[in-house]
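Coordinates in review
Each chain, letter by letter, is given below.
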Amino acid sequence: MTVYFIGAGPGAADLVTVRGARLLARCRVCLYAGSLVPRDLLAECPPDAELLDTARLDLDQITAALVRAHHAGHDVARLHSGDPSVFSAVAEQMRRLDAEGVPYEVVPGVPAFAAAAAALGRELTVPAVGQTVVLTRIAQRATPMPPGEDLPTLARSGALLVLHLAAGYVDRVVEELLPHYGPQCPAAVVAYASRPEEVVLRGTLADIAPQVHAAGIRRTAVILVGRTLAAEVFPDSHLYSTARSRD
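Thresholds applied
Residues numbered from 1 in each chain as written. Predicted model: local features only at pLDDT ≥ 70, side-chain atom pairs only at ≥ 80, totals over all residues. Heavy atoms only, no water. UniProt positions renumbered as here; feature names shortened; annotations may be inferred. Buried < 20%, exposed > 50% of the residue type's maximum accessible area, 1.4 Å probe, protein only. Helix = DSSP H or I, 4+ residues; strand = E, 2+ residues; numbered from the N terminus. Arc of directions from axis to C-beta. Salt bridge = Lys/Arg side-chain N within 4 Å of Asp/Glu carboxyl O.

By the naming in an unreviewed UniProt entry, the protein is Precorrin-4/cobalt-precorrin-4 C11-methyltransferase, taken from Actinacidiphila guanduensis. Per its UniProt entry, the protein bears the Sequence similarities (unreviewed entry) comment "Belongs to the precorrin methyltransferase family." According to UniProt, the comment filed for the protein under the heading Pathway (unreviewed entry) is "Cofactor biosynthesis; adenosylcobalamin biosynthesis."

The structure is reproduced here in structure tokens:
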């Protein structure tokens, strides 16, 4: 049997992939993070499926449940919010399943930064303005950041920064980015992207923190900082240029 790590998307149940929904419909066991995965998505599971909320389970307990279901002959859906490739804690689960000889597959999902860009109505890479997006977080009540990945170092690139797990520390984020981006650099915060309760804040580094505090946002949000968020004057991309040869 197989464990499927399925990206549940940013929150809206209909943003799960077709492949993810089809796997949910056939797996007899589903582990999900109740605080992050929409309950509506669980309707895709078989009516008699075992549903296990992992919100209060540690890694040992989650691994034991996956291994137990495997040995019982069940395919398992392991639902993670967003996309499993970033900030999902999938790597340590894979490592433990490898040690137990349990096979698994990964099914991509819509990441939070993509849903945030959609909410903002923005392309994050704009010709001649910015072509690099850095996905990162800060070390606050979490594992330390590796050397060279602190916020001031990353900010020296001038690239668009997307910060996960940082909304509760927006003051610190602004303080560390101001020397590199300046107070008028565009900034945005999107909370609960794609959900009915979605909140979109737009501003600059000079005023985004007060907006976040006023809205009471502390989690389930991404912070975006960079010039492409407000780019209006830029050349058309070469992709569809009339000067480009299409032979």
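Continuing now.
Observations regarding helix α3 (residues 90-100)
Residues V90, Q93, M94 and L97 constitute the buried set of α3. For α3, the buried positions fall inside an angular range of 100° around the axis, keeping them on one side. Looking at α3, the residues exposed on the side facing more than 90 degrees away from the buried face are A91, R95, D98 and A99. A positive phi of about 70° marks G101, the residue just after α3.

Section: the pattern of salt bridges
Counted by the stated rule, this structure contains five salt bridges. Between R122 and E232 there is a salt bridge, and its shortest N-O distance comes to 2.9 Å. Separated by 110 residues along the polypeptide, R122 in the loop between α4 (112-120) and β6 (133-136) and E232 in the segment after β10 (221-225) bring together distant segments of the chain. Look at R122 and you get partly exposed, because its relative accessible area is 24%. E232 sits in the exposed class, given a relative accessible area of 60%. Across the pair E176 and R172 runs a salt bridge, and its minimum N-O distance is 3.0 Å. In this pair, E176 and R172 are both assigned in helix α6 (residues 170-181), four residues apart and thus about one turn of the helix distant.

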